[in-house]
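Here is what each chain is made of, one letter per residue.
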Amino acid sequence: MNRKFSIFILGGTGDLAKRKLLPALERLYKEGHLKNLHKVYSLAREEDPSWKVLVSSLEPSEKFDNFLQFDVNLDSSYHHLGRVLQELKGQELIFYLALSPFLFETALRKLGRLLRDFTNPRKIVIEKPFGFDTASARKLNQLLYTYFLEEEIYRIDHFLGKETIQNIFSLRFSNTIFESLWHRNFVDHVQIVAIEDIGIEGRGEYYDKAGAIRDMLQNHMLQMLSFLAMEPPCCMYPEFIRDEKVKLLRSVRKISPEETVKGQYEGYLLEKGVKEGSKTETFVAVKLHIDNPRWQDVPFYLMTGKRLSKKLSQMTVVFKEVPRSFANLFDCMPNQNKIIFQTSPKNKIAIHFELRPPAGKFIACPVETVMEYDMESYVGKKLPEAYETLILDIIEGDRSLFIRGDEVELMWEIVQPILESDAPLHIYKPGTLGPEQAHLLLQKDGKAWII
């Protein structure tokens, strides 16, 4: 960006700001990406001591140690903010809503009214969840469009800032050997998994109103799906990429309650902030379908949950079995080929294929061989944090990795049937791989989770 800009983090002393946003901004500044940054302002009701320690350690501290006392609900806070903005004539203003989603509507309405008195270029960044169902997402979009243009709006999903997700594009669209196989004639099924070994980590009040469907499935997992399954855009321009994601999401059949498994880990009801007798799911597994020529009849299995046996986030494309005549040739059935895109615990891509065993007979049962590309090992250094990538895109005005208004509404429409269903809630033990019913979901199709 060639002009000066300032960043205002609403909720600037909160956990997201302290753990992710402020450290990411410091690293970008040190790397020379934020030469025109005027200041980063942290807006909150109180100047948290741990925030003060953090910003005092960031360099240069004068860029980051800027606290504005601010209450989202009070008009006087916006008047005070307006006096600060009057000193920033000509600068671009970036407002980052690192707030509880229950405050988005109030913040957008009051901030939008305030900005009517200013001609500065502006951007508004909104964390997920964007709404709590289809109706609330539409209402939030309408409110945004009252005060902002679509090109000023950045609906953020930090999963899209991960190197592995972005490498799906490169692997598919720059390699004929992969893109030519990326359809129903060769792909048997696809699995998308995002599981954690931790619980709700003190977020009981928020999580009990959200649950696994709203917290992960509706946003992160459907975004991963759209990148994996979309058609190639005509060219790498942000709107054309987002057009193809929207086309893909329009083809996703609404998830059926009959093909959904919900679960809750033992001990969840004892977590602080959780309501007595809560039916909030901490686990969900679904089977969904994409009704278009590329993916017709290919099942997609998605699973996410907390307090499971491991932390793992990955997408697996499983190719069809070899013909039975080949199995007769080897006197065995070779494993199905797979491509795994993993974002956690590592950023890597692994290709699983079959080869003759070393020093074996000419005709021998092949063994699975893995070709792995570990991104951090390859570059020899730690990869940028997802938030670094996304913040830099916001500053440079690249919206390729951000969610458009119609896109977020479509994602809510896909999960709406299971939000409204009274499907049974299966209790599972912490440290396991979730309810047995989630494994039966695949077993009845002759498949198993790859975890």
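A. Examining the pattern of salt bridges more closely. One pass over the full model with this rule turns up 39 salt bridges. Here glutamate 385 and lysine 20 are joined by a salt bridge, their closest N and O atoms 3.6 Å apart. Of this pair, glutamate 385 sits in the loop between helix H12 (375–379) and helix H13 (386–396) while lysine 20 sits in helix H1 (residues 15–30), and the two are 365 residues apart along the sequence. Exposure remark for glutamate 385: the relative accessible area of 27% places this residue in the partly exposed category. What makes lysine 20 partly exposed here is its relative accessible area of 24%. Between arginine 404 and aspartate 406 there is a salt bridge; the shortest N-O distance is 3.0 Å.

B. Representation of the sheet that holds strand S11 (residues 312–319) within the structure. Here nine strands make up an open sheet; going across it, the order is S14-S13-S12-S11-S7-S10-S9-S8-S15 and the pairing mixed. Edge strands, defined here as strands with exactly one partner in the open sheet, are strand S14 (367–374) and strand S15 (425–428). Strand-to-strand, the axes of this sheet are offset by a mean angle of 15°, without reference to chain direction. Note that strand S12 (residues 338–344) and strand S13 (residues 348–355) share five bridges and pair antiparallel.

C. Layout of the state of the cysteines. Evaluated as defined, the whole model comprises one disulfide. Left unpaired, cysteine 234 is separated from the closest cysteine sulfur, that of cysteine 235, by 3.3 Å. Looking at cysteine 235, the relative accessible area reads 36%, which means it is partly exposed.

D. Just a nonpolar patch on the surface, in detail. A cluster of nonpolar side chains, contributed by Leu329, Phe362 and Ile363, occupies part of the molecular surface with about 350 Å² of accessible area. For isoleucine 363, the position within the fold is in the loop between S13 and S14.

E. Local environment of helix H2 (residues 49–57). Among the residues making up H2, those that are buried are Trp51, Leu54 and Val55. Taken down its axis, H2 places every buried residue within 90° of arc, on the same side. Away from the buried face of H2 by more than 90 degrees, exposed residues Pro49 and Val53 are located. Packing partners of the buried residues in H2 comprise H1, strand S2 (37–44), helix H3 (61–64) and strand S3 (67–69).

Scoring rules and cut-offs
- Residue indices follow the written sequence of each chain, beginning from 1 at its first position.
- Only residues with pLDDT of at least 70 are given local features in this predicted model, and only at 80 or more are side-chain atom pairs given and counted; all residues enter the totals for whole chains, interfaces and linings.
- For the side-chain quantities, the full set of heavy atoms in the structure was used; hydrogens and water were omitted.
- Any Lys or Arg side-chain nitrogen located within 4 Å of an Asp or Glu carboxyl oxygen qualifies as a salt bridge.
- Each helix is a run of H or I in the DSSP string that is no shorter than four residues. Each strand is a run of E no shorter than two, and both are numbered from the N terminus.
- Buried, partly exposed and exposed residues are distinguished by accessible area as a fraction of the type maximum, computed with a 1.4 Å probe on protein chains only: under 20%, between the cut-offs, and over 50%, respectively.
- Note on pairing: DSSP must find at least two bridges between two strands before they are called paired.
- Axis definition: a line fitted to C-alpha atoms, limited for helices to the stretch in contact. Angles are taken between N-to-C directions and run from 0 to 180 degrees.
- Here, two cysteine sulfur atoms that lie within 2.5 Å of each other are counted as a disulfide.
- To count toward a patch, a residue needs a relative accessible area above 30% and no salt bridge. Like charges then connect within 9 Å, nonpolar side chains (Val, Leu, Ile, Met, Phe, Trp, Tyr) within 5 Å.
- The accessible surface values rely on the Shrake-Rupley method and a 1.4 Å probe; as for residues, cover is taken only from the protein chains in view.
- In this context, the arc is that of the directions from the helix axis out to the C-beta atoms.
- Contact definition: two residues touch when any of their heavy atoms are within 4.5 Å.

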